[in-house]
Amino acid sequence: MRHQKNILVTGGAGFIGSNFVHYMYEHYPQYKILILDALTYAGNVANLPEAYNALRDHPQLEFWYGNILNAQLVNDLTARADMVVHFAAESHVTRSIYDSSEFFRTDVLGTQVLANAVLSNRNRIRRFIHISTSEVYGSAQYPAMDEQHPLMPMSPYAAAKCGADRLVFAYWQTYHIPAVIVRPFNNYGPRQHLEKLVPRFITNAVLGIPMRIHGNGRSARDFVHVQDTCRALDLILHAPQDAVIGETFNIGSGQERDILSIAEDICTRLCPDKTNARTFVGDRPGQVIRHTCNWEKIHRALGWEPQISWEEGLPATIDWYTTHQEWWQAQCWMHEIPIITSEGNKELH
């Protein structure tokens, strides 16, 4: 079968990456999807569409087990692609505090390997989307953070992603590769690892384990459903070149929610009596106080806006985790990670 386009998705067995693979598989049956993933603890081939897991030699889905630092493999796959979407990264803030070395290897050097592969194949590659993160901004300095907000990363993870973000920008400036930088705010939805806040709180409630809340619980984030992110990436992939190349786009809901309110929303559905449902621990070092997304730029350029509200997306996410317990049971040991707080105390976060 001759495919209309080949798209390389790095980190395609992780959370946002696998949801994007599902989205593209369902919406573009004429595309060949090349998936590269190192299958570290947060990646799982079970996250891929059932059709692939039922038929490994799938005509539309091709999985490669490998590391983004493997320059030969990355270049070989990039040479077959028309479009590249780069999710591959270490992404857990708390783990980066415990040991940051792998974050800089994967997030910065891995991005350099891929950017070099795109450069080598620039006559073929039509679009290279780099998935950055809102964490590069640090705490909000004004009510809604637009793409011009200062970059002030506050954790080793955020610093590594900031380095990758600026590296891609520099490659666009220097070599004119067809790069687009995307800064998603906090995504949530199905197939997200339990180290992240929403699935951790949901599964804690299911298991009757108190939700661990950092500090006073007033740190706030902008949560956007992963399907809204996938729609935004779709629009960026297929937009006219002059509308997106060299640009940076935020993806978020425009609404902030503090950690206490998220715990409250989950408790209301899963543990209404709220007995021993929460416990408070010291604040995480490098804690971001508030993130709120300004998504006006991508709306002006491409007409995107969030469609899945928190009131719709959270119940659907809770339903997914309560009906897929076999998927997450083996991850339960990662509900807690030991760190040293800013006060010098060892705590489980």
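One can find the structure itself at the top, above this paragraph.
Rules of the game
Residues numbered from 1 in each chain as written. Predicted model: local features only at pLDDT ≥ 70, side-chain atom pairs only at ≥ 80, totals over all residues. Heavy atoms only, no water. 1 Å grid on protein atoms, 1.4 Å probe; cavity = no way out; pocket = protein on both sides within 12 Å on 5 of 7 lines; lining within 4 Å. Points joined across faces, edges and corners; volume = space filled by probe spheres on them. Helix = DSSP H or I, 4+ residues; strand = E, 2+ residues; numbered from the N terminus. Nonpolar A, V, L, I, M, F, W, Y, C, P; charged D, E, K, R; others polar. Disulfide = S-S within 2.5 Å. Buried < 20%, exposed > 50% of the residue type's maximum accessible area, 1.4 Å probe, protein only. Pairing = 2+ DSSP bridges. Axes fitted to C-alpha atoms, helices over the stretch in contact; angles between N-to-C directions. Contact = heavy atoms within 4.5 Å. Parallel < 35°, antiparallel > 145°, perpendicular 65-115°, else oblique. Left-handed = near helix turned anticlockwise from the far one by under 90°.

Peer 1: Lay out the layout of surface pockets with the relevant residues and their values.
Peer 2: Its volume calculated, the second largest pocket comes out at about 180 Å³. Ala-46, Glu-50, Arg-191, Trp-320 and His-324 are, among the 12 residues lining the second largest pocket, the residues nearest its centre. Looking at the lining of the second largest pocket, the elements that each hand over two or more residues are α2 (50-54) and α13 (325-328). Tallied by class, the residues present in the lining of the second largest pocket amount to five nonpolar, four polar and three charged.

Peer 1: A description of the state of the cysteines should follow, citing residues and the corresponding values.
Peer 2: This structure, assessed with the given rule, holds zero disulfides. Left unpaired, Cys-162 is separated from the closest cysteine sulfur, that of Cys-293, by 17 Å. Classification of Cys-162 as buried rests on a relative accessible area of 12%. Cys-271 forms no disulfide, and the closest cysteine sulfur to it belongs to Cys-267, at a distance of 3.4 Å.

Peer 1: Outline the sheet that holds strand β9 (residues 220-225), supporting the account with residue identities and numerical values.
Peer 2: Consider a sheet: its strands pair through backbone hydrogen bonds, and that pairing is either parallel or antiparallel. In spatial order, the strands read β7-β9-β11; together these three strands make up an open sheet with mixed pairing. Here the strands that pair on one side only, and so sit at the sheet edges, are β7 (186-188) and β11 (256-258). Averaged over neighbouring strand pairs, the angle between their axes works out to 55° when direction is ignored. Its contacts with the sheet put helix α10 (residues 259-270) on β9 and β11, and the angle it makes with β11 is roughly 80°.

Peer 1: An account of unusual backbone geometry is requested, with residue identities and associated values reported.
Peer 2: Its identity is not glycine, yet Leu-39 carries a phi of approximately 55°, on the positive side. With respect to the element layout, Leu-39 can be found in the loop between β2 (31-37) and α2. You can call Leu-39 partly exposed: its relative accessible area is 30%. Unusually for a residue other than glycine, His-176 sits at a positive phi of about 60°. If you trace the backbone, His-176 turns up in the loop between α6 (156-175) and β6 (179-184). In this structure His-176 comes out as exposed when scored by relative accessible area, which is 62%.

Peer 1: Explain the sheet that holds strand β3 (residues 61-65) residue by residue, including any values.
Peer 2: Taken in spatial order, the seven strands line up as β3-β2-β1-β4-β5-β6-β10 in an open sheet, and their pairing is parallel. Each having just a single partner strand, β3 and β10 (248-251) make up the two edges of the open sheet. Neighbour-to-neighbour, the strand axes of this sheet turn through a mean angle of 20°, independent of strand direction.

Peer 1: Before we move on, could you go through the packing of helix α7 (residues 197-207) against helix α12 (residues 310-323) and cite the residues and values that matter?
Peer 2: Orientation of α7 relative to α12, taken along the N-to-C sense of each, is 55°, at an axis distance of 10 Å. The orientation of α7 relative to α12 falls into the category oblique. Two packed elements cross with a definite hand, and for α7 against α12 that hand is right-handed. Contact residues: α7 offers Val-198, Pro-199, Ile-202, Thr-203 and Val-206, while α12 offers Trp-310, Leu-314, Thr-317, Ile-318, Tyr-321 and Thr-322. The class makeup of the residues in the contact of α7 with α12 is eight nonpolar, three polar and no charged.

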